[in-house]
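This is what each chain is made of:
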Amino acid sequence: MGTRGRLLVLLACVLVLACVAGVAVWRAGARAHEKDQAQAGGPAVRAGTVSLAADGGRRIVFRSMAWGPHRDELTTVPAGAPDGPRTASGVKCLRFYAAGGTGICLQAVRGPVNDTYRAVVLDSGLRVTRTIGLAGIPTRARVSPSGRMVAWTVFVGGDSYAGTNFSTRTSILDTRTGTLVPTLEDYTVTRDGSRVRAADVNFWGVTFADDQHFYATLATGGHTYLIHGDTATRTAVTVHTNVECPSLSPDGTRVAYKKRVPGASSDAPWRLYVLDLATGREHATAEHRDIDDQAVWSDDHTLVYAMPGDYGSDLYTVPADGTGAPRLLTRSALAPAWLG
């Protein structure tokens, strides 16, 4: 083939690639536009006032995944009507949690080339009180019962807990003093009386007992541990093995968590378990599907967690004592907090 022929072939290849890229961009744009349109049969959503205050009756605040103009906004429904009409706030979050009149909202800041991320602390009226840049993709968020302490976890390398090729950074902020601990790697952690010293440590999934004490996951050496931490002394001690994304019950006696179970697929390894902190005994819940979420306790007896859904994720509920069966609670929703 002569030089001219090779040039024509090269030009044809470039044109084909350009067409493929153009179609991909068009489809992505069409998909994004489609998400701005309300889904048929989806929940009713209207703009209104959303409060994180303790008064106003028991209710749920969560990130709405329903397609339409209020997608990704914090919305609220009465606790007694979890799949009913929603009131949307106008505040968008990727991850969210609230307690004691304080909210933590992990947001994406869309850029022309790359997105960046930030943690936004909200007061009871959803007004921003502090903004902190994040080093990676948001994945977990929690607030202490009083509302004073907030915590979050981001992926700074990799984007899934299922494998081993990932790195996280977990931070804790005291909203009263403004003190920020950028990473729990600054804590002194002991296991069986010896200090944990390893280059591969990762922490994620803080859950608060009070303003000083918390639980979280520590990963090192291919194993995960439940740790009990102290924000005053910046120390922690391992409590139990094979625990990820813990969630402390309202009465402080049990922890719900993801457990890797033998025989499960490597990309869907977890089942939802509950640990009794006093006895060290654990049991599985009646949810037998793979759970990749930090569950929330809606009360002392009930767990709520996200599962993949047609429009992003749906919320399911299951009894914490191992009885009953999972049931759908709220469609097109993520990151719930029970308030009031």
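All of the points below concern the structure found in this document. A quick note: this is a predicted structure, and the numbers were derived from the prediction, not measured.

**With respect to the overall build of the protein**
- In terms of helices and strands, the protein carries one helix and 27 strands.
- By the burial criterion, 47% of the 340 residues in the protein qualify as buried.
- Contacts in the protein between residues at least 24 apart in sequence constitute 43% of all its contacts with a sequence separation of at least 6.
- Counting every atom, the protein has about 16000 Å² of accessible surface; 53% of that belongs to carbon and sulfur.

**Describing the pattern of salt bridges**
- In this structure the tally under the stated criterion is 13 salt bridges.
- Between D123 and R127 there is a salt bridge, with the nearest N and O atoms lying 3.0 Å from each other.
- Look at R127 and you get exposed, because its relative accessible area is 53%.
- K259 is the salt-bridge partner of E282, the closest N and O atoms lying 2.5 Å from each other.

**Observations regarding the state of the cysteines**
- Applying the stated rule across the entire model yields one disulfide.
- The partner cysteine of C93 in its disulfide is C105, sulfur to sulfur 2.0 Å. Where C93 bonds to C105 through sulfur, the torsion about that S-S bond is close to -115°, and the disulfide is left-handed. In this pair, C93 is assigned in the loop between β4 (86–92) and β5 (95–99) and C105 in strand β6 (residues 102–109), connecting sequence segments 12 residues apart. Just as C93 is buried, C105 falls in that class too.

**A closer look at the environment of A209**
- Among the structural elements, A209 can be located in the loop between β15 (202–208) and β16 (213–220).
- Between the alpha carbons of A209 and G229 there is a distance of 9.7 Å; along the sequence they are 20 residues apart.
- When residues no more than four places from it in sequence are discounted, the contact partners of A209 are P145, F214 and L248.

**A closer look at the pairing of strand β17 (residues 223–230)**
- β17 sits mainly inside the fold: six of its eight residues count as buried.
- With antiparallel pairing between neighbouring strands as the criterion, β16 and β17 make up a hairpin whose turn holds two residues, including G221 at a positive phi of roughly 60°.
- The pairing of β17 with strand β18 (residues 235–241) spans six bridges and is antiparallel. Note that in β18 the partner of D230 across the bridge is T235.
- Hairpin remark: β17 followed by β18, antiparallel, with four residues in the connecting loop; positive phi at R234, about 55°.

**Quick look at the sheet that holds β15**
- One open sheet accounts for six strands, arranged β14-β13-β18-β17-β16-β15; its pairing is mixed. In the strand order of this sheet, the two ends are held by β14 (194–195) and β15, each with one partner.

**Topic: empty space enclosed by the protein**
- Applying the stated criterion across every chain, the model contains one cavity of 30 Å³ or more.
- Of the volumes computed, that of the largest cavity is approximately 110 Å³.
- Surrounding the largest cavity, 16 residues form its lining, R95, R142, D293, Q294 and A335 being those nearest its centre.
- Only β5, β9 (137–143), β24 (302–309) and β27 (333–339) provide two or more residues apiece to the lining of the largest cavity.
- Here the lining of the largest cavity is composed, by residue class, of 10 nonpolar, two polar and four charged.

**Concerning the sheet that holds β27**
- Reading across the sheet, the five strands line up as β1-β4-β3-β2-β27 and stay open at both edges, with mixed pairing between neighbours. Pairing within the sheet leaves two strands with one partner each, and these edge strands are β1 (45–47) and β27. Each strand of the sheet is rotated relative to its neighbour by a mean of 35°, with strand direction disregarded.
- The sheet contact formed by strand β2 (residues 59–64) and β27 spans five bridges and is antiparallel. Within β27, the residue paired with I60 across the bridge is W338.

**Notes on the packing of aromatic side chains**
- Counted under the stated rule, the structure contains nine aromatic pairs.
- With centroids separated by 5.0 Å and ring planes inclined at 35°, the aromatic side chains of Y161 and W204 adopt a geometry described as tilted. Pair noted here: Y161 is in the loop between β10 (149–157) and β11 (167–174) and W204 is in strand β15, with a separation of 43 residues, a long-range link. Per residue, the accessibility class of Y161 equals that of W204, and both read buried.
- Here Y187 and F214 contribute two aromatic rings whose centre-to-centre distance is 5.9 Å and whose plane-to-plane angle is 70°, an arrangement assigned as edge-to-face. Of this pair, Y187 sits in the loop between β12 (180–181) and β13 (188–191) while F214 sits in strand β16, placing them 27 residues apart in sequence.

**Overview of the side chain of Q107**
- Relative to the helices and strands, Q107 is located in strand β6.
- Among the polar contacts listed, one links the side chain of Q107 to the backbone oxygen of K92, at a separation of 3.0 Å.
- Residue contacts for Q107: discarding those within four places in its chain leaves V91, K92, C93, L94, T116, Y117, R118 and V120.

Calculation notes
- Residues numbered from 1 in each chain as written.
- Predicted model: local features only at pLDDT ≥ 70, side-chain atom pairs only at ≥ 80, totals over all residues.
- Heavy atoms only, no water.
- Helix = DSSP H or I, 4+ residues; strand = E, 2+ residues; numbered from the N terminus.
- Buried < 20%, exposed > 50% of the residue type's maximum accessible area, 1.4 Å probe, protein only.
- Contact = heavy atoms within 4.5 Å.
- Areas by Shrake-Rupley, 256 points an atom, 1.4 Å probe, with all protein chains shown as cover.
- Salt bridge = Lys/Arg side-chain N within 4 Å of Asp/Glu carboxyl O.
- Disulfide = S-S within 2.5 Å.
- Pairing = 2+ DSSP bridges.
- 1 Å grid on protein atoms, 1.4 Å probe; cavity = no way out; pocket = protein on both sides within 12 Å on 5 of 7 lines; lining within 4 Å.
- Points joined across faces, edges and corners; volume = space filled by probe spheres on them.
- Nonpolar A, V, L, I, M, F, W, Y, C, P; charged D, E, K, R; others polar.
- Axes fitted to C-alpha atoms, helices over the stretch in contact; angles between N-to-C directions.
- Phe/Tyr/Trp six-rings, centres within 6.5 Å; stacked < 30°, edge-to-face > 60°.
- Polar contact = N/O pair within 3.5 Å; in protein donor to acceptor, adjacent residues only side chain to side chain.

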